[in-house]
Amino acid sequence: MSLIYFDNAASTPIDSRVLESMMPYFCIDYGNPSSIHPMGIRAHNAIENARESLATLLGCQSDEIVFTSGGTEADNLAIVGVANAYSNRGHHIITSEIEHHAVLETCHHLEKLGWRITYLAVDNKGQVSPQALERAITSDTVLVTIMTANNVVGTLQPISEIGSVCHKHGVIFHTDAVQMIGHLPLDVKKTQLDLLSLSGHKFSGPKGVGALYVSKEISLYPMIFGGGQEEGFRSGTENVPGIVGLGKAAEIARAEMIDDSKRIKDLATKLINGIISKIPHTTLNGHEVHRLPTNINISFEGVEGEYLCKELAKRGLCVSTGSACSSNTHEAPYVLLSMGVERELANCSIRMSLGKANSESELESSLEILREVVANIRSYSFV
Ligand SMILES: *Cc1c(COP(=O)(O)O)cnc(C)c1O
């Protein structure tokens, strides 16, 4: 059975040029980047080139990039690192209800250690209000962490406005930009960001590698201690092939993301329109305009989301309900609930996330599969 992969928000296939760039660093230039002999120097230079590529993509300086083991570690390092470095300023953090678990669970952890966390609600399109954020800031507020783009519904946040509010009140601003980096342009200086998390495998790079942008103005307490790699922010021998791959993915994104995203957005728009017009009792979740080009989140009345995913999988269509972390737990889709979607309907939603490898012909087949599977489920369960 041939598979149609519409789960690019969970992970993307690695670009063949990325894979090629990584290969020499497994068996040929395998030295430890801290070694002072030629093998070490080659590995070190490869890391510094990758750092340069990422810095160019983000509009920052290369010494403002810290490599991590992925988006999760970057989020943890940003939040815990700021909390530990600035605990003399206060003990209050502001975030939103719709963050990724990597942010939410880190905040829960700090809550247990005595920090006060404000979880801002979002509107029915999934956006945080900069005014509500401003009202939540107190003299005790140290950090605001609001994601750039949501992984479940694809809504983009007004992060420039949020950045201005934070700046005005002298509060540090971190954003989890894992879903957006490599797909839409973002300049960390123009957006007044202090910290930004990204992950390789969400934009055609390898898994297990990511980065945190840390503005030079910000001090950060490390989470991992040891040999002092990454300017002491993140000890441990660097994942050289992974970092090289991440750098290559950043270079490709910078050159190609505008065209790629335009093409993917056209495909996604066609698929959305096809579903809404051909399958009755369906609604698009999230923002109609301010959304990721890759994301589609739809509710099918009367069709349970987890069940629909499983039935679609039997026909070769790979989709998800939106949170890989909760796919085996029957946890309510908290992002949709925060947006005010009724629990009943929230449980009837799936996410289809498109990517560079998807084609027009897959659109037609997937629409056909969706139509049949939804009709079939509804024929015995829809009341
Ligand atoms: C995937 C994802 C992460 C986690 O990144 P990993 O590299 O898989 O650890 C964090 N935040 C968001 C929004 C994500 O989509």
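Thresholds applied
- Residues numbered from 1 in each chain as written.
- Predicted model: local features only at pLDDT ≥ 70, side-chain atom pairs only at ≥ 80, totals over all residues.
- Heavy atoms only, no water.
- Core = buried A, V, L, I, M, F, W, Y, C linked by side-chain atoms within 4.5 Å.
- Buried < 20%, exposed > 50% of the residue type's maximum accessible area, 1.4 Å probe, protein only.
- Contact = heavy atoms within 4.5 Å.
- Salt bridge = Lys/Arg side-chain N within 4 Å of Asp/Glu carboxyl O.
- Helix = DSSP H or I, 4+ residues; strand = E, 2+ residues; numbered from the N terminus.
- Axes fitted to C-alpha atoms, helices over the stretch in contact; angles between N-to-C directions.
- Parallel < 35°, antiparallel > 145°, perpendicular 65-115°, else oblique.
- Left-handed = near helix turned anticlockwise from the far one by under 90°.

Caption draft 1: A look at the nonpolar core. Core analysis: the biggest nonpolar cluster contains 64 residues, and Leu58, Ile65, Phe67, Val144, Ile181, Leu196 and Leu198 have the highest contact counts within it. Excluding residues that lie within four positions of it along the chain, Phe67 makes contacts with Ile47, Ala50, Arg51, Leu54, Gly210, Ala211, Glu230, Arg234, Ile243 and Leu246. Among the nonpolar cores identified, the runner-up in size contains 28 residues, and Leu271, Phe300, Leu308 and Cys309 belong to it.

Caption draft 2: Structural view of the pattern of salt bridges. Within the structure shown, the criterion is met by 18 salt bridges. The salt bridge partner of Glu256 is Arg17, with a shortest N-O separation of 2.8 Å. One end of the pair, Glu256, is in helix 8 (residues 240-278); the other, Arg17, is in helix 1 (residues 16-22), with 239 residues separating them in the sequence. The partner of Lys168 in a salt bridge is Glu134, and the shortest N-O contact between them spans 2.7 Å. You can see Lys168 sitting in helix 7 (residues 159-168) and its partner Glu134 sitting in helix 6 (residues 130-136), a full 34 residues away along the chain. On the basis of relative accessibility, which here comes to 26%, the residue Glu134 falls in the partly exposed class. A single network of salt bridges, built from pairs that share partners, joins Asp15, Arg17, Glu256 and Lys356.

Caption draft 3: Layout of the packing of helix 8 against helix 12 (residues 360-381). At a minimum axis distance of 10 Å, the contact between helix 8 and helix 12 shows a crossing angle of 25°. Considering the angle they form, helix 8 stands roughly parallel to helix 12. For the pair helix 8 and helix 12, the sense of crossing is right-handed. Taken together, the residues of helix 12 that come into contact with helix 8 (itself represented by Leu267, Lys270, Leu271, Gly274, Ile275 and Lys278) are Glu360, Leu363, Ser366, Leu367, Leu370 and Arg371.

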